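The residues making up each chain are set out below.
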Amino acid sequence: MTRLDVVLTALRVRVPRSQRARAEMLWNHLREDALDNATTLRLRHNGLRVGVGDEQWWEAVRAALDAIPGVNSTPIAPLRVPAEYPLALELDTGPHEQTLFFLADDGVLTGETWPQSRNVLRLSYALDLQRPDRIRLSVVPEVRQRLEGLRWVRNEAGVTQVPNYSGRAFGAAGFAADLEPGRFLLIAPGEQSGVSGLVGNSFLVSEEDGQSYDSYVFLRADVNHVAQRY
């Protein structure tokens, strides 16, 4: 019997916001039509921009990033992730108070203040049974406040204890993309990310030593076929 084993790899690249025009070259090697027009517009209104690239263009993407002064990157060790199991990709170095806004489909702008909170990208995937080498990767920005104790989460291996928290998932700024072998996903600040408190700004724009940075989050999911013996 064969078990499908999915390994998720992430890379966070921070680009000085003053160099944003130079980072625009990245999009020459990415497809922004991988998502439907309605989803792309909804993400744009919330300060996000998403593209899908092929591994044959990765060297060109990396060269474009390396040519930008002041850029720095943080690789995240590859993780094996069970299907439908949510994985939180931390974007903050520590808890802080923040007021977050999002624009819903009906055009209403909603905001809330979250003391001692952290921002994460909640990642999960589903397998395509017709094409087992392709996955549907879901990404949802989420704010979390740590609570006491642990809670139980069910997955394909049974149940697992995870930290307990309260929070809110920003579905209006979330999306799902189909990734075939050799493809990678980029999540980046969009045109509206300069609006303070908007999801794209709070999650993907940061300040350090008086310098403003844009975060470019690259994700790749590789499906391995592992033989099992019984």
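Everything that follows concerns the structure shown earlier in this document.
What counts and how
- Residues numbered from 1 in each chain as written.
- Predicted model: local features only at pLDDT ≥ 70, side-chain atom pairs only at ≥ 80, totals over all residues.
- Heavy atoms only, no water.
- 1 Å grid on protein atoms, 1.4 Å probe; cavity = no way out; pocket = protein on both sides within 12 Å on 5 of 7 lines; lining within 4 Å.
- Points joined across faces, edges and corners; volume = space filled by probe spheres on them.
- Helix = DSSP H or I, 4+ residues; strand = E, 2+ residues; numbered from the N terminus.
- Nonpolar A, V, L, I, M, F, W, Y, C, P; charged D, E, K, R; others polar.
- Buried < 20%, exposed > 50% of the residue type's maximum accessible area, 1.4 Å probe, protein only.
- Polar contact = N/O pair within 3.5 Å; in protein donor to acceptor, adjacent residues only side chain to side chain.

Chemist: Residue-level account of the layout of surface pockets, with values.
Modeler: Approximately 570 Å³ is the volume found for the largest pocket. Forming the walls of the largest pocket are 26 residues, and the residues nearest its centre are Arg12, Leu91, Asp92, Thr93 and Ser206. Elements represented by at least two residues in the lining of the largest pocket include exactly β1 (2-16), β3 (72-80), β5 (96-103), α4 (199-204) and β11 (205-208). Per-class residue counts for the lining of the largest pocket are 5 nonpolar, 14 polar and 7 charged.

Chemist: Account for the environment of glutamate 59, with residues named and values stated.
Modeler: Mapped onto the elements of the fold, glutamate 59 is located in helix α3 (residues 58-66). Given the relative accessible area of 47%, glutamate 59 is considered partly exposed. There is a polar contact of 2.7 Å between the side chain of glutamate 59 and the side chain of arginine 62.

Chemist: Kindly report on unusual backbone geometry, identifying the contributing residues and their values.
Modeler: Unusually for a residue other than glycine, glutamine 116 sits at a positive phi of about 50°. The topology assignment puts glutamine 116 in strand β6 (residues 109-127). Positive phi, normally seen in glycine, also occurs at aspartate 209, with a value near 55°.

Chemist: Account for empty space enclosed by the protein, with residues named and values stated.
Modeler: Applying the stated rule across the entire model yields 2 cavities of 30 Å³ or more. Of the voids in this model, the largest cavity is the one considered here, and its volume is about 50 Å³. In this structure, the largest cavity is lined by Leu48, Leu121, Val139, Pro141, Ala173, Phe175, Ile187, Phe203 and Leu204. Contributions of two or more residues to the lining of the largest cavity are made by β7 (135-155) and α4. Tallied by class, residues from the lining of the largest cavity come to 9 nonpolar, no polar and no charged. The computed volume of the second largest cavity comes to approximately 40 Å³. Contributing to the lining of the second largest cavity are Leu8, Val81, Leu87, Leu123, Ser124, Tyr125, Ile135, Leu137 and Ala221. For the lining of the second largest cavity, the secondary-structure elements that each account for two or more residues are β6 and β7. In terms of residue count, the dominant contributor to the lining of the second largest cavity is β6 (3 residues). Within the lining of the second largest cavity, the residues separate by chemical class into 8 nonpolar, 1 polar and no charged.

Geometric values such as these leave the question of function open.
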